[in-house]
Amino acid sequence: MKIKIPKLTFWSSVFWIIVALGIYSTILRFTKGLGAVTNLSDEFPWGLWIGFDVLCGVGLAAGGFVIAAAVYIFNLEEYKSILPSAILTAFLGYLLVIIALLFDLGKPWNIWHPIIMWNPESVMFEVAWCVMLYTTVLALEFSPFIFQKFKLEKPQKIIKSLTIPLVVAGVILSTLHQSSLGSLYLIVPEKLYPIWYSSNLPYLFFLSAVAVGPAMVTIESYLSSRAFKREIEIHILSKLAKVTAVALMVYLVLKIQDIIKYNLFSYIFTLNYEAIMFWIEFAFGVILPIILLANSRIRSSKKGLFIAQLITVLGFILNRLNVSITALENYTQANYFPKWTEITVTLFMVALGFALFRFIAKHLPIFPPEVSEKRKLLTEGFEVISIKEVFKEQT
Amino acid sequence: MKYGILIDITRCIGCYACEEACAQRWGNPITEAHKLSSIQNTAVIDYNGVYVSRLCMHCEKPTCASACPVGAFQKTSLGPVIYDPSKCLGCRYCMQACPFDIPKYQWDKLNPKVTKCDMCYERIKAGNVPACVEACPAEARTFGKRDELIEEAKRRINENPETYYPHIFGLKEAGGTSVLYLADRPMQKLGFKANLPEVPLSLFTEQIMSKIPGYIFWGGTLLFGIWWITKRRDEVQRLQRKLKEMEENNKKENGK
């Protein structure tokens, strides 16, 4: 028998280094406590794990509900081919958020408490319930692929009959907790730096999630086209880019409204840390993606679209980190910067996400058969880009 | 009947007896840090010779109790805000939310708790005064019913207008607190934040939380509506296409 030795390419060695460091930090976290692995303190109780793993994780998984709503509620059948991978991305995203929470919570074994101990007044209570329910919805939405794999017809039928109520529930739950992550900060008007405090926070969080959902779907399609040597459904992705652009435009209007309403001119036109961070976020995360995505030539180029949407995602991440970390530095004077073990746990979560996606995509039929796709596209008159060309462009 | 503590900063002599009594009551080690922490639920902070004792303000409408997802904080009918570690899951939203930065955390423990003053709830229930009040040799802390403490504070301001800055801190701040302060200068100069709203901070989240039930109902209705319309539109289009085909077929047949 031949034994295959896996090739150790660059990315897989990066992956295994991250996994090793992640496991080390995990052991440290659960044997020595939060104080040993984080730079969190009484002054700065929420750090990278809340700012990135939870706030960004939930936001970046927004593609699931956006695409599901487009396909089932608005009956836009053309998006159907990217729905499974969007649902999978969202499901894995939420799973990782929950795993990350187990790291961050002081008493992770009590994570189920909100089920029986209620405080409906608390935003955190609402977030907890929505995340629990929506993860269940995503699991059910994704379950047909598992049933299909193992040829279980009856449960497949049951889930299919429940599709519309599930999707409606998913959209409602997503809207609620995407915005509620912003509402979390409504309770600290005196602590948050004025640039980021606004009674519009829930709406801003929701809009940026709607913008970043399609962006993540695009990036995920681009990367999996390279990994699985598939073709990019550019005509779908460039239409999705319009969703991102429109959501960002509404976001821009709300943000400008805030600047006027709260009279933030003196804050954004001074030269300090907060103002610089704001302008990076605002110029590169909102204005630049709008300009790029409004351009139809960039929208229809694979690489242009990928880069534009990557900027959207990076801008989104900066926004969440600004609200959760930058905006609190001035009040707390804590000079928080994550410890290396905090960073390795975060990277560990991201790496796990990639690995799980790859594994599931390999074994379950989440990408539709390519041949029929190609034929359909040809009959519709769309240009099909062969995978060889994608790689030609790279070199 | 709600109790509270009136702290008269002009009377504090900085002997730290309250800190020691508090540490004893909780079984904490005695430290020289004089700073609120997981082993110090009251602390006397030295502002250039002005001693400001800090402890949980026991808000009338506590922000921590509103923020906590599992209701681990509770405003008791006697006045103290108490914490139940068996409910807590350690999300630390209370620490983030508290306008007075009171809750502290046992960062180095594997089963960490939020720590804060509970106004010696057990002692109050038994009819005693809190340990720090009992220990104070200068009568800088007065324990009593909140209404009576407010009257007492007003009396002191009126009788010694040259000693006191005419403001009872805690009367309205963050919607009112059970711990009240009197000082010779504004409390903002003694480490308290200047931009505290005079309403309970939970008001800011309540405004949006109260919209949720309505949103679930109308949002759900709207989504089902859109689904029904788009589905119907598709059906109609399909029928129309079929009709057209049939007509064309008919024409062809007639033409023949």
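Going by the structure above, here's the rest.
So, a few notes on the structure that sits alongside this text. (Residues numbered from 1 in each chain as written. Chains lettered and ligands numbered in written order. Predicted model: local features only at pLDDT ≥ 70, side-chain atom pairs only at ≥ 80, totals over all residues. Heavy atoms only, no water.)

Looking now at the overall build of chain A. Looking only at helices and strands, chain A has 18 helices and zero strands in total. Against the compact-globule benchmark of 21 Å for 395 residues, chain A has a radius of gyration of 22 Å, which places it among compact chains. Principal-axis analysis of the C-alpha atoms places the extent of chain A at approximately 60 × 50 × 45 Å. Here chain A has roughly 17,700 Å² of accessible surface; of this, 71% comes from carbon and sulfur atoms. Chain A carries 33 positive and 25 negative side-chain charges, and their two centres are separated by 11 Å. (Helix = DSSP H or I, 4+ residues; strand = E, 2+ residues; numbered from the N terminus. Rg over C-alpha atoms; globule rule 2.2 N^0.38 Å. Areas by Shrake-Rupley, 256 points an atom, 1.4 Å probe, with all protein chains shown as cover. Lys, Arg positive; Asp, Glu negative; His and termini not counted. Charge placed at Lys NZ, Arg CZ, Asp CG, Glu CD.)

This part takes up the overall build of chain B. The secondary structure content of chain B amounts to eight helices and nine strands. Against the 2.2 N^0.38 benchmark of 18 Å for 256 residues, chain B shows a C-alpha radius of gyration of 30 Å, more extended than a compact globule. The C-alpha extent of chain B, read off along each of the three principal axes, is 115 × 45 × 35 Å. In the structure as shown, chain B presents an accessible area of about 13,000 Å², 53% of it carried by carbon and sulfur atoms. Positive and negative side-chain charges of chain B, numbering 36 and 29 respectively, have mean locations separated by a distance of 9 Å.

Looking now at the layout of surface pockets. The gaps of empty space that remain are located by a probe, the size of a water molecule, rolled over the atoms. Residue and element names in this part refer to chain A. Each pocket or cavity is described by its volume, and for the largest pocket that value is around 2,100 Å³. Contributing to the lining of the largest pocket are 49 residues, with Leu223, Val350, Ala351, Phe354 and Ala355 lying nearest its centre. For the lining of the largest pocket, the secondary structure elements donating two or more residues are α1 (10-32), α3 (48-60), α5 (83-104), α10 (201-227), α15 (302-332) and α16 (340-363). With 12 residues, α16 is the single largest residue contributor to the lining of the largest pocket. Tallied by class, the residues present in the lining of the largest pocket amount to 36 nonpolar, eight polar and five charged. Approximately 850 Å³ is the volume found for the second largest pocket. Tyr72, Lys80, Leu83, Phe145 and Lys160 are, among the 30 residues lining the second largest pocket, the residues nearest its centre. (1 Å grid on protein atoms, 1.4 Å probe; cavity = no way out; pocket = protein on both sides within 12 Å on 5 of 7 lines; lining within 4 Å. Points joined across faces, edges and corners; volume = space filled by probe spheres on them. Nonpolar A, V, L, I, M, F, W, Y, C, P; charged D, E, K, R; others polar.)

Following the sequence through the fold, Asp8 of chain B ends up in strand β1 (residues 3-8). One polar contact links Asp8 of chain B to Tyr164 of chain B, side chain to side chain, over a distance of 2.5 Å. (Polar contact = N/O pair within 3.5 Å; in protein donor to acceptor, adjacent residues only side chain to side chain.)

The next thing to look at is the sheet that holds β1 of chain B. The strands making up a sheet associate through backbone hydrogen bonding, with each pair oriented either parallel or antiparallel. All names here are of chain B. Sheet architecture is open: three strands sit in the order β8-β1-β9, paired in mixed fashion. Edge positions in the sheet fall to β8 (141-145) and β9 (179-182), since each of these pairs with one other strand and no more. On average, each strand axis in the sheet is tilted by 25° relative to the strand beside it, whichever way the strands run. (Pairing = 2+ DSSP bridges. Axes fitted to C-alpha atoms, helices over the stretch in contact; angles between N-to-C directions.)

Residue and element names in this part refer to chain A. Two elements in contact, helix α4 (residues 63-73) and α5, have axes whose closest approach is 8 Å; the angle formed by their N-to-C orientations is 150°. Comparing the axis directions of α4 and α5 gives the class roughly antiparallel. For the element pair α4 and α5, the recorded crossing hand is left-handed. Together, Gly63, Gly64, Ile67, Ala68, Val71 and Tyr72 of α4 and Leu83, Ala86, Ile87 and Ala90 of α5 make up the contact between the two elements. In terms of residue class, the contact of α4 with α5 is made up of eight nonpolar, two polar and no charged. (Parallel < 35°, antiparallel > 145°, perpendicular 65-115°, else oblique. Left-handed = near helix turned anticlockwise from the far one by under 90°. Contact = heavy atoms within 4.5 Å.)

It is worth spelling out the interface of chain A and chain B at this point. Interface extent is often summarised as the accessible area lost during association of the parts. Residue-level contacts link 58 residues of chain A with 60 residues of chain B. The three residues of chain A that bury the most area against chain B are Asp42, Lys107 and Ile187 of chain A, which together make up 15% of that side's buried surface. Across the salt bridge formed by Arg92 of chain B and Asp104 of chain A, the nearest N and O atoms sit 3.0 Å from each other. No other element matches helix α9 (residues 163-183) of chain A, which puts eight residues into the side of chain A that touches chain B. When its residues are assigned to classes, the side of chain A that touches chain B shows 36 nonpolar, 12 polar and 10 charged. (Buried area = accessible area lost by both parts, 1.4 Å probe. Salt bridge = Lys/Arg side-chain N within 4 Å of Asp/Glu carboxyl O.)

Applying the stated rule across the entire model yields 32 aromatic pairs over all chains. Here Phe169 of chain B and Tyr181 of chain B contribute two aromatic rings whose centre-to-centre distance is 6.3 Å and whose plane-to-plane angle is 70°, an arrangement assigned as edge-to-face. Separated by 12 residues along the polypeptide, Phe169 of chain B in the loop between α6 (146-159) and β9 and Tyr181 of chain B in strand β9 bring together distant segments of the chain. The residues Phe169 of chain B and Tyr181 of chain B share a single accessibility class, namely buried. Here the aromatic residues Phe265, Phe269, Phe278, Trp279 and Phe282 of chain A are joined through ring pairs into a cluster of three or more. (Phe/Tyr/Trp six-rings, centres within 6.5 Å; stacked < 30°, edge-to-face > 60°. Buried < 20%, exposed > 50% of the residue type's maximum accessible area, 1.4 Å probe, protein only.)

Another point: the state of the cysteines. Residues and elements named next belong to chain B. The final tally for this structure, using the stated rule, is zero disulfides over all chains. Residue Cys98 stays outside any disulfide, its sulfur separated by 6.3 Å from that of Cys59, the closest cysteine. Given the relative accessible area of 9%, Cys98 is considered buried. Unpaired in this structure, Cys117 has its nearest cysteine sulfur neighbour in Cys56, at a distance of 5.6 Å. (Disulfide = S-S within 2.5 Å.)

So, on to empty space enclosed by the protein. Residues and elements named next belong to chain B. Counted according to the given criterion, the structure contains 11 cavities of 30 Å³ or more. Its volume calculated, the largest cavity comes out at about 110 Å³. Along its surface, the largest cavity is lined by 15 residues, and Cys12, Cys18, Cys136, Ala140 and Arg141 are the ones closest to its centre. For the lining of the largest cavity, the per-class residue count stands at 12 nonpolar, two polar and one charged.

Before going further, it helps to examine the environment of Pro130 of chain B. Residues and elements named next belong to chain B. Residue position: Pro130 is located in the loop between α4 (121-125) and α5 (131-135). It is 9.0 Å that separates the C-alpha atoms of Pro130 and Ile5, two residues lying 125 residues apart in sequence. Setting aside residues no more than four positions away along its own chain, Pro130 makes contact with Ile5, Met119, Cys120, Arg123, Ile124 and Phe143.

On to the pattern of salt bridges, then. Residue and element names in this part refer to chain B. Taken as a whole and assessed by the stated rule, the structure comprises 17 salt bridges over all chains. The partner of Glu122 in a salt bridge is Lys125, with the nearest N and O atoms 3.9 Å apart. Of this pair, Glu122 and Lys125 both sit in helix α4, three residues apart, roughly one helical turn. For Arg185, the salt bridge is made with Asp184, and the minimal N-O distance between the two is 3.0 Å. Residue Asp184 is classed as partly exposed on the basis of its relative accessible area, which comes to 38%. Salt bridges linked by common partners bring Asp8, Arg11, Glu152, Arg155, Arg156 and Glu159 together as one network.

Attention shifts here to unusual backbone geometry. All names here are of chain B. The phi torsion at Cys120 lies on the positive side, around 50°, for a residue other than glycine. Within the fold, Cys120 resides in the loop between β7 (114-115) and α4. Look at Cys120 and you get buried, because its relative accessible area is 9%. Positive phi, close to 55°, is recorded for Glu139, a residue that is not glycine. Relative to the helices and strands, Glu139 is located in the loop between α5 and β8.

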